[in-house]
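Chains, contacts and geometry: an overview
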There are 4 protein chains.
Amino acid sequence: MAEIGIGMLGYAFMGKAHSNAFHKLAYMTWPPPLVPNLVGIAGRNAEAVELAATRYGYEYATDDWETLVDDREIGLFDNGGPNSLHAEPTIRAAQAGKHVVCEKPLGRDADESYRIWQEVARTGVKHMCAFNYRFVPAVRLAREMIEAGELGEIRHFRCRYLQDWGDDPSLDTWRFSAEQAGGGAIGDLMSHVVDVARFLNGEISAVSGFAKTFIVGREVDDAAEAAVEFENGSVGTFESTRFAHGHRNALQWEINGTKGAIAFDMERFADLQVFRKGDDRVRGFTTVQVSEESHPFAQWWWPPGHVVGWGDTFVHELHHMLDAIANDKDVAPYAATFEDGYRCAEVCDAIARGGRQALSYRSL
Amino acid sequence: MAEIGIGMLGYAFMGKAHSNAFHKLAYMTWPPPLVPNLVGIAGRNAEAVELAATRYGYEYATDDWETLVDDREIGLFDNGGPNSLHAEPTIRAAQAGKHVVCEKPLGRDADESYRIWQEVARTGVKHMCAFNYRFVPAVRLAREMIEAGELGEIRHFRCRYLQDWGDDPSLDTWRFSAEQAGGGAIGDLMSHVVDVARFLNGEISAVSGFAKTFIVGREVDDAAEAAVEFENGSVGTFESTRFAHGHRNALQWEINGTKGAIAFDMERFADLQVFRKGDDRVRGFTTVQVSEESHPFAQWWWPPGHVVGWGDTFVHELHHMLDAIANDKDVAPYAATFEDGYRCAEVCDAIARGGRQALSYRSL
Amino acid sequence: MAEIGIGMLGYAFMGKAHSNAFHKLAYMTWPPPLVPNLVGIAGRNAEAVELAATRYGYEYATDDWETLVDDREIGLFDNGGPNSLHAEPTIRAAQAGKHVVCEKPLGRDADESYRIWQEVARTGVKHMCAFNYRFVPAVRLAREMIEAGELGEIRHFRCRYLQDWGDDPSLDTWRFSAEQAGGGAIGDLMSHVVDVARFLNGEISAVSGFAKTFIVGREVDDAAEAAVEFENGSVGTFESTRFAHGHRNALQWEINGTKGAIAFDMERFADLQVFRKGDDRVRGFTTVQVSEESHPFAQWWWPPGHVVGWGDTFVHELHHMLDAIANDKDVAPYAATFEDGYRCAEVCDAIARGGRQALSYRSL
Amino acid sequence: MAEIGIGMLGYAFMGKAHSNAFHKLAYMTWPPPLVPNLVGIAGRNAEAVELAATRYGYEYATDDWETLVDDREIGLFDNGGPNSLHAEPTIRAAQAGKHVVCEKPLGRDADESYRIWQEVARTGVKHMCAFNYRFVPAVRLAREMIEAGELGEIRHFRCRYLQDWGDDPSLDTWRFSAEQAGGGAIGDLMSHVVDVARFLNGEISAVSGFAKTFIVGREVDDAAEAAVEFENGSVGTFESTRFAHGHRNALQWEINGTKGAIAFDMERFADLQVFRKGDDRVRGFTTVQVSEESHPFAQWWWPPGHVVGWGDTFVHELHHMLDAIANDKDVAPYAATFEDGYRCAEVCDAIARGGRQALSYRSL
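A brief report on the enclosed structure follows. (Residues numbered from 1 in each chain as written. Chains lettered and ligands numbered in written order. Predicted model: local features only at pLDDT ≥ 70, side-chain atom pairs only at ≥ 80, totals over all residues. Heavy atoms only, no water.)

**Considerations on the overall build of chain A**
What chain A contains, in helices and strands, is ten helices and 15 strands. A compact globule built from 364 residues would reach a C-alpha radius of gyration of about 21 Å, and chain A, at 20 Å, matches this within 12%. Projected onto the principal axes, the alpha-carbon positions of chain A cover approximately 60 × 50 × 40 Å. Within chain A, the proportion of its 364 residues that are buried is 70%. Taking the intrachain contacts of chain A between residues at least 6 apart in sequence as the baseline, contacts between residues at least 24 apart amount to 68%. For chain A, the exposed surface amounts to about 11,300 Å²; the carbon and sulfur share of it is 45%. (Helix = DSSP H or I, 4+ residues; strand = E, 2+ residues; numbered from the N terminus. Rg over C-alpha atoms; globule rule 2.2 N^0.38 Å. Buried < 20%, exposed > 50% of the residue type's maximum accessible area, 1.4 Å probe, protein only. Contact = heavy atoms within 4.5 Å. Areas by Shrake-Rupley, 256 points an atom, 1.4 Å probe, with all protein chains shown as cover.)

So, in structure tokens, the structure goes:
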């Protein structure tokens, strides 16, 4: 089977998640479109990146990401570094002819995201912004149902991403640095909200909202709230926060159409709630465990009722990218491209600026 | 036991709910602060109101509400009529020395609500705006926990009221008439959202949002969306809609503080979800069925585990009013006064106007 | 409207529940089949029964139940006394020509239950054993669906009734007295399990189980466990306990047929869980809030989404009895007759005896 | 790092689950106690086993399991074949000095299970019966809490394993063959019920129940029901069935003690429901998502709120076995040994025989 050399930037959370996925997809998504060959991994801490190379089976480790860019054995550059390291390495890798995956948010703001998109698109390589929640089986099933018109005309989409770890003034991480992260809850969490909204319900036409920083002196926002309108006429609310005590990692959304409704809560990762109009006697949301043979991604896994986990979303996502490369398919619409990464950033920026504003997106 | 004469305006949905409550509180909230004596009931349809008098046991029926205002046997005037009939009868009854209950929303807008409040407050009678969801056992328990500081400093409050019956262009009801109803989902549902928000989390300082009418030609709004800030520094979202297919009557809210969180969904009427920080091993929301002896209102009902229903919120509410009258207690803060009805209307009006705006309330 | 005189034996828990229901049904189930006239209430504690008469509006109180039996104004004798007072007053009232309602369990064992049934059936009056959970809207809806064949051939029925208050050696109540109560968790709770099983799934053909007393010296059982077979070939388990810490009052059952399944948990009183085979994509249990217009009992109450409470099951039940009396209808099959009370007792006795045994019921 | 050669018997469902686990544990449970080296895989279908070797990366495939037994590079023999192939290959591998893992049920009945245990124990190798549900994070957490006495004295344990695929007379699989499978729902599902019961609540002292075959002519049972008593005095019910329409794979259990209660449902794989006595105001089950740093197995995975899947239970299980081998630790009590496999079989056989019987276990 054909192989593709992988160069990974980042060895911590995302480095682990992506490396695991490259291993698993080689035998789970059988036959794999390409067999990933883990060539090199880069990171700033030489000792840590060396350990990661051993652990995950990369041929070498380096503290200089340019080594990966220069390595001709690498066909796919996967950027899981901090936000401030998204632009230059990703653009340079693409310019070196490598296909590129970049973690979300694409850039630290819409301008930077636009630039990354433009520069990379110009090279002609495949590009994917790694919004992995598009690859949750329940989310993909929702997309398929909406696309098939099963919800009718959409009236509402509401979404919130609730985490709880930010409420500690003594915490210090690159995620609180404006220079390194760009934004706070907006870039980290609202970007997921906006992406899943665009994935399921199309473009946003206007937002009305604001950002909030609870901790005095923190450079980035802690939470953001918005009322939103979509181009299809539906309306709803968006929220992202690192201060929602009670929730570790709750991406929750609901979409209501004239024929039905769908709801999802990542705290019940395997399930989709589906409502369909019609029978007023047996009327209500059905709890669908998304693991049937006919469900997205299920053919690679286990019999119905045996669920996959959060880490497996990356198996689906990176399989999708390898399939696009191997068979010269579009990365869109099931995965986010860099254009999606940019469009997401425009909405995030508009919320961060506050007040009410119509949205218009720049084009290629 | 001392009695109080009741004059009821309205015989349909709210007339039924309030009449049932007057009957039940007489033996359930034993001993009752005052025994309600059902004197007269008024409505525009003479035949229907006559039937209601027979059914609910009022001494007489009338199609002229002034009869109630003039009746010296009536000590409490209870206004359950359409919104356009809130102002004049209520003010006139108060001026005739009767205590007054008025269904929500108090007036059709903030101006009318302010006028009702001012005119009635001047007479010195007791006044209550019938936001009955303050009297759901789970909601009252939440209030008690928040008041006791059990959630710490509040970071977030989000609330939505989702119904589904509005999505039919052929529907015709006074609720779609601007003259009779004032607003649509805003007056009907957002008023509940704002009242429960103020009840649990205090005054709103700014809103950023808009109203939406889906059905062409409809005079009132079908939905409204807002991002909100509270005077205590917390932030969140509000939503009200009659187009949320899948939900008949879902008032859902969640409040997150630095020490814990509480959530409620009227589709699980008897339950409160409570999260308390501390133990990371047994960590999560606890589903509390609010029917323990120590829980609000439970002493009047059944043993733990035997729940009350939606209609019983009116038993609690009207008991509260009779207790205030009998013992000359303040109606606030556990029930909404006409001042609360007015303040609620200011927030609703600001959302209806759209855009971002700071709120300031007029005073007595 | 025609009236019927009510004589009530018992003034505490069941006396309150039934008295409330007689009041409410007079205006809620409009027009009522008969208007209940609360004539007399009897109990052993003269002071307490006098207070109950005042509170609930009975014309008189008495500490001698024979007064009720002798009162010609009383057309319906309602027995809510302790189990040891079920047989004689009920039989005597029936022999005096009064229709009779008796709380469950009918007698303290199958022999006594059989005797009550036989003696009362001989008089020709209407008789109802007050298994009120048949009148939970969700339970009635389940019955209607099963009766209509919507579940296909039944494979399984499992049910348990979990309470938690018995785990205290210092507790003293008539419920722990073999003479007064007959059994413990079996008579009190397993009787509900067996009745709801028979209501939904027909006769039990064999049981295999045992009773358990945890507290040394307690005269009655604390819990009982059984594997069961039904005449229709389905199998399952039964459980009743007063030692299930965590549950105040959880009657939980599930029924699986070849076409679908239904589940209920009294801790979510308003809801029914319904599964229907067919679509493997949207596959799972649907949470039905049983308050739609087309749902059982809903026509008497509120719009969809506004739920009734536990106490309202008695409104449905006593309405059913008055309707049977007024219109000379059978009490069965929607309510339990004394025959049902007896048949239930045979199953309970078989479980109490332990071991495996086939069941055969005695006939009239 | 030290390696261990793996010989795998079976390439389908369990072969895939175990092979995946050997791959993942090598980098996830870092540093692994031993690095698994996938030496050989055996199966009856030569073509299929050849493909499996390629897919999962075994050095060779064979259709003769004796090849694995004879291979000196193999240090761990993992038996994932059908039940009729458990005894001989497992015993022979152990006699060849290999450590052995055998899928559940250990043998086709208690006699065969006893023989496997005896023969293998005599060789001194490590042996594990692969009851993987002991390695669900929520189940392990429950075990830790019970072991720490957090539930007090146990009163009840009830468990059922509900699947739905058996209700089709045309189905044909080795699982319906008495010769190949031993039992039906009892061996396949009740064995899990009994093992989790013994894991959490200790030995069973008596059972009272029966097996049921719905499909005429089927050689094995389709369902089984039992009332049970434990040596610690607690009581409950067991159920296993392949006819519970509505449930794909629902292992559900609840344990009630004098201080608290715990419940689990595999249809909510990541969660544990925990009740603790004490506070009557905030009283109820807490939904714990078992992914906190302090939770079992979490240190190998992701931050809190990012859940693992069903397949990952095998990572935990096989890591446990490698750790026992590498560090000469006992496999018990956190994993099941062959003794546990045998004891489980005694309970299953007693249920299959029907009627009420006390249990006594044979000893080594």
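**Examining the relation of the copies chain B and chain A**
If you rotate chain B by 180 degrees and push it 0.0 Å along the axis, it lands on chain A with an RMSD of 0.0 Å. On this basis, the relationship between the two copies can be described by a two-fold rotation axis. Both copies share a contact surface, since 100% of the interface residues of chain B are interface residues in chain A too. (Least-squares fit on C-alpha atoms with pLDDT ≥ 70 in both.)

**Looking at the interface of chain B and chain A**
Taken residue by residue, the interface counts 44 residues in chain B and 45 residues in chain A. For the pair chain B and chain A, the summed buried surface comes to about 3,400 Å²; carbon and sulfur atoms form 52% of the total. Of all residues in chain B, the largest losses of buried area upon contact with chain A belong to B:Arg155, B:Phe210 and B:His245, amounting jointly to 18% of the total for that side. Between the two partners, chain B and chain A, sit eight salt bridges. For A:Arg248, the salt bridge identified is with B:Asp280, shortest N-O distance 3.5 Å. For the pair chain B and chain A, the interface holds 21 residue pairs in polar contact (both at pLDDT 80 or more). Contributing elements (two or more residues each) for the side of chain B that touches chain A: strand 7 (154-162), strand 8 (204-212), strand 9 (223-230), strand 10 (235-241), strand 11 (250-257), strand 12 (260-265) and strand 15 (355-358) of chain B. Grouping the amino acids of the side of chain B that touches chain A by side-chain chemistry returns 14 nonpolar, 15 polar and 15 charged. (Buried area = accessible area lost by both parts, 1.4 Å probe. Salt bridge = Lys/Arg side-chain N within 4 Å of Asp/Glu carboxyl O. Polar contact = N/O pair within 3.5 Å; in protein donor to acceptor, adjacent residues only side chain to side chain. Nonpolar A, V, L, I, M, F, W, Y, C, P; charged D, E, K, R; others polar.)

**Overview of the side chain of C:Thr29**
All names here are of chain C. Turning to its location among the elements, threonine 29 is positioned in the loop between helix 1 (13-28) and strand 2 (35-42). Taking relative accessible area as the criterion, threonine 29 reaches 1% and is therefore assigned buried. Only 2.8 Å separates the side chain of threonine 29 from the backbone oxygen of leucine 25, close enough to count as a polar contact. Beyond its immediate sequence surroundings of up to four residues, threonine 29 is in contact with Lys24, Trp300, Val315 and His319.

**Quick notes on the relation of the copies chain D and chain C**
Turning chain D through 180 degrees and shifting it by 0.0 Å along the axis lays it on chain C, with an RMSD of 0.0 Å. Comparing interface residues between copies, 100% of those in chain D also sit at the interface in chain C, which points to an isologous, same-surface contact.

**Points about the interface of chain D and chain C**
On the side of chain C, 45 residues touch chain D, which itself brings 44 residues to the contact. In total, chain D and chain C occlude about 3,500 Å² of area from one another, counting both sides; carbon and sulfur atoms represent 52% of this. Of all residues in chain D, the largest losses of buried area upon contact with chain C belong to D:Arg155, D:Phe210 and D:His245, amounting jointly to 18% of the total for that side. Along the contact surface separating chain D from chain C lie eight salt bridges. Going through the elements one at a time, strand 7 (154-162), strand 8 (204-212), strand 9 (223-230), strand 10 (235-241), strand 11 (250-257), strand 12 (260-265) and strand 15 (355-358) of chain D are the ones with two or more residues in the side of chain D that touches chain C. Looking at side-chain class alone, the side of chain D that touches chain C contains 14 nonpolar, 15 polar and 15 charged residues.

**Describing the pattern of salt bridges**
Counted under the stated rule, the structure contains 132 salt bridges over all chains. A:Asp164 is the partner of A:Arg248 in a salt bridge, and the nearest nitrogen-oxygen pair spans 3.0 Å. Taken together, the positions of A:Arg248 in the loop between strand 10 (235-241) and strand 11 (250-257) and A:Asp164 in the loop between strand 7 (154-162) and helix 7 (178-181) put the pair 84 residues apart, joining distant regions of the chain. Several salt bridges converge on common partners, so that one network encompasses A:Asp164, A:Arg248, B:Asp280, B:Arg283 and D:Glu292.

**Remarks on the packing of helix 4 (residues 87-95) of chain B against helix 5 (residues 110-123) of chain B**
Residue and element names in this part refer to chain B. Relative to each other, helix 4 and helix 5 sit at 10 degrees, their axes nearing to 8 Å. The orientation of helix 4 relative to helix 5 falls into the category roughly parallel. The segment helix 4 lies against helix 5, with Ala87, Thr90, Ile91, Ala94 and Gln95 engaging Glu112, Arg115, Ile116, Glu119, Val120 and Thr123. Of the residues assigned to the contact of helix 4 with helix 5, the class counts are five nonpolar, three polar and three charged. (Axes fitted to C-alpha atoms, helices over the stretch in contact; angles between N-to-C directions. Parallel < 35°, antiparallel > 145°, perpendicular 65-115°, else oblique.)

**Thoughts on the sheet that holds strand 2 (residues 35-42) of chain D**
Residues and elements named next belong to chain D. With parallel pairing, six strands are arranged side by side in an open sheet as 3-2-1-4-5-6. Because the sheet does not close on itself, it has two edges, and the strands there are strand 3 (60-62) and strand 6 (127-129). Averaged over neighbouring strand pairs, the angle between their axes works out to 20 degrees when direction is ignored. Pairing analysis gives seven bridges linking strand 1 (residues 3-9) to strand 2, with the strands arranged parallel. If you follow methionine 8 over to strand 2, its bridge partner there is isoleucine 41. Sheet strands in contact with helix 10 (residues 338-353) are strand 5 (99-102) and strand 6, and its direction is about 35 degrees off that of strand 6. (Pairing = 2+ DSSP bridges.)

**Some words on helix 4 (residues 87-95) of chain A**
Residues and elements named next belong to chain A. Looking only at helix 4, the buried set comprises Ala87, Pro89, Thr90, Ile91, Ala93 and Ala94. Buried-residue contacts for helix 4 involve strand 1 (3-9), helix 3 (65-70), strand 4 (76-79), strand 5 (99-102), helix 5 (110-123) and helix 10 (338-353). In the segment just after helix 4, glycine 97 is the residue with positive phi, at about 90 degrees.

**Quick notes on the packing of aromatic side chains**
The full count for this structure, using the stated rule, is 72 aromatic pairs over all chains. A centroid spacing of 5.7 Å and a plane angle of 40 degrees characterise the contact between B:Phe275 and B:Phe285, whose relative ring orientation is tilted. One end of the pair, B:Phe275, is in strand 13 (residues 271-276); the other, B:Phe285, is in the loop between strand 13 and strand 14 (286-289), with ten residues separating them in the sequence. Residue B:Phe275 shares its accessibility class with B:Phe285, and that shared class is buried. Taken together, the ring pairs connect A:Phe157, A:Phe230, A:Phe238, A:Trp253 and A:Phe264 into an aromatic cluster. The ring of D:Trp302 has A:Lys16 sitting right over it, with the charged end atom 5.3 Å from the ring centre. Residue placement shows D:Arg362 over the ring face of D:Tyr114; its charged tip is 5.1 Å from the ring centre. (Phe/Tyr/Trp six-rings, centres within 6.5 Å; stacked < 30°, edge-to-face > 60°. Lys NZ or Arg CZ within 6 Å of the ring centre and 35° of its normal.)

**Focus on the nonpolar core**
Counting 234 residues, the largest nonpolar core has B:Phe238, B:Trp253, B:Leu272, C:Phe238 and C:Trp253 as its most contacted members. Sequence-distant contacts of C:Trp253, that is, excluding residues within four places in its chain, are made with C:Val139, C:Ala142, C:Phe157, C:Arg158, C:Cys159, C:Val196, C:Leu200, C:Ile262, C:Ala263, C:Phe264 and C:Leu272. Ranked by size, the runner-up nonpolar core spans 232 residues in total, among them A:Ala42, A:Val307, D:Tyr161 and D:Ile325. (Core = buried A, V, L, I, M, F, W, Y, C linked by side-chain atoms within 4.5 Å.)

**Concerning the sheet that holds strand 3 (residues 60-62) of chain A**
All names here are of chain A. Sheet architecture is open: six strands sit in the order 3-2-1-4-5-6, paired in parallel fashion. Pairing within the sheet leaves two strands with one partner each, and these edge strands are strand 3 and strand 6 (127-129). Pairwise comparison of adjacent strand axes, ignoring direction, gives a mean angle of 20 degrees for this sheet. With three bridges joining them, strand 2 (residues 35-42) and strand 3 adopt parallel strand pairing. Residue pairing for strand 3: isoleucine 41 is matched across the bridge by alanine 61. Relative to strand 2, helix 1 (residues 13-28) is tilted by about 160 degrees, and along the sheet it contacts strand 1, strand 2, strand 4 and strand 5. Where helix 9 (residues 312-326) meets the sheet, it contacts strand 1, strand 2, strand 4, strand 5 and strand 6, and its direction lies at approximately 160 degrees from that of strand 5.

**Concerning the pairing of strand 13 of chain B**
Residue and element names in this part refer to chain B. By the criterion of burial, strand 13 is predominantly enclosed, with five of the six residues buried. Pairing geometry for strand 12 and strand 13, over four bridges, is antiparallel. Residue pairing across strands places glycine 260 opposite arginine 276, the latter belonging to strand 13. Adjacent in sequence and paired antiparallel, strand 12 and strand 13 are bridged by five residues.

**Focus: the environment of A:Ala93**
Residues and elements named next belong to chain A. For alanine 93, the location among the structural elements is in helix 4. It is 28 Å that separates the C-alpha atoms of alanine 93 and valine 136, two residues lying 43 residues apart in sequence. Sequence-distant contacts of alanine 93, defined by excluding residues within four places in its chain, comprise Val69, Phe77, Lys98 and Val100.

**Things to note about the pairing of strand 15 of chain B**
All names here are of chain B. The two faces of strand 15 differ: Gly355 and Gln357 on one face are buried, but Arg356 and Ala358 on the other face are not. Here strand 8 runs beside strand 15; their pairing, made up of four bridges, is antiparallel. Within strand 15, the residue paired with valine 207 across the bridge is glutamine 357.

**Considering unusual backbone geometry**
A cis amide bond links B:Ala332 with the next residue in sequence, B:Pro333, at an omega value of 0 degrees. Residue placement: B:Pro333 occurs in the loop between helix 9 (312-326) and helix 10 (338-353). Residue C:Lys104 is joined to C:Pro105 through a cis peptide bond whose omega torsion reads -10 degrees. Tracing the backbone shows C:Pro105 in the loop between strand 5 (99-102) and helix 5 (110-123). Non-glycine residue C:Phe297 carries a positive phi angle of around 75 degrees. Here C:Asp328, not a glycine, exhibits a phi torsion of approximately 45 degrees, which is positive. On the secondary structure map, C:Asp328 appears in the loop between helix 9 (312-326) and helix 10 (338-353).

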